[in-house]
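# Structural overview for review
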Amino acid sequence: MDGTLLDDPLRHRCLAGSLIYLTIIRPDIAYAIHIVNQFMSAPFSTYYVAVLKILFYVKVNLFMDFIFWP
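Residues numbered from 1 in each chain as written. Predicted model: local features only at pLDDT ≥ 70, side-chain atom pairs only at ≥ 80, totals over all residues. Heavy atoms only, no water.

What follows is about the nonpolar core. Counting eight residues, the largest nonpolar core is built from Ala16, Leu19, Ile29, Ile33, Val36, Val51, Ile54 and Val58. Broken down by secondary-structure element, the contributors of at least two residues to this core are helix H1 (10-19), helix H3 (30-37) and helix H4 (45-60). With three residues, the top contributor of residues to this core is H4. Each residue touching Val58, except ones within four places of it in the same chain, is listed here: Leu22, Arg26 and Ile29. (Core = buried A, V, L, I, M, F, W, Y, C linked by side-chain atoms within 4.5 Å. Buried < 20%, exposed > 50% of the residue type's maximum accessible area, 1.4 Å probe, protein only. Helix = DSSP H or I, 4+ residues; strand = E, 2+ residues; numbered from the N terminus. Contact = heavy atoms within 4.5 Å.)

Here the focus is the packing of aromatic side chains. The relation between two aromatic rings is expressed through the spacing of the ring centres and the mutual angle of the planes. For the structure on display, the rule yields one aromatic pair. An angle of 20° between the planes, with centres 4.4 Å apart, marks the rings of Phe39 and Tyr47 as stacked. With a relative accessible area of 13%, Tyr47 lands in the buried category. (Phe/Tyr/Trp six-rings, centres within 6.5 Å; stacked < 30°, edge-to-face > 60°.)

This part covers the pattern of salt bridges. For the structure shown, the criterion picks out one salt bridge. Ionic pairing is found between Asp28 and Arg26, a salt bridge with its closest N-O pair at 3.3 Å. (Salt bridge = Lys/Arg side-chain N within 4 Å of Asp/Glu carboxyl O.)

Let us now look at a nonpolar patch on the surface. Where nonpolar side chains cluster on the molecular surface, the patch consists of Tyr21, Ile24 and Ile25 and spans about 410 Å² of accessible area. Its location among the elements puts Ile24 in helix H2 (residues 22-25). (Patch = residues over 30% accessible without salt bridge, like charges linked within 9 Å, V, L, I, M, F, W, Y side chains within 5 Å. Areas by Shrake-Rupley, 256 points an atom, 1.4 Å probe, with all protein chains shown as cover.)

Next up, the structure:
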């Protein structure tokens, strides 16, 4: 595994856990959040960087409309 174990994984857990709620209205990021949340018990620095990149993606694409009509 690339990266190092985080000394204090609390920030990673809070951010990754909060992103779970976004999967309800943003299905485009559901897979990435699923992968990041698999490593909540012992997160590596690469997964923390991935969480930050997901947050940046959400910020940039904030007003994109992802409502799927049947």
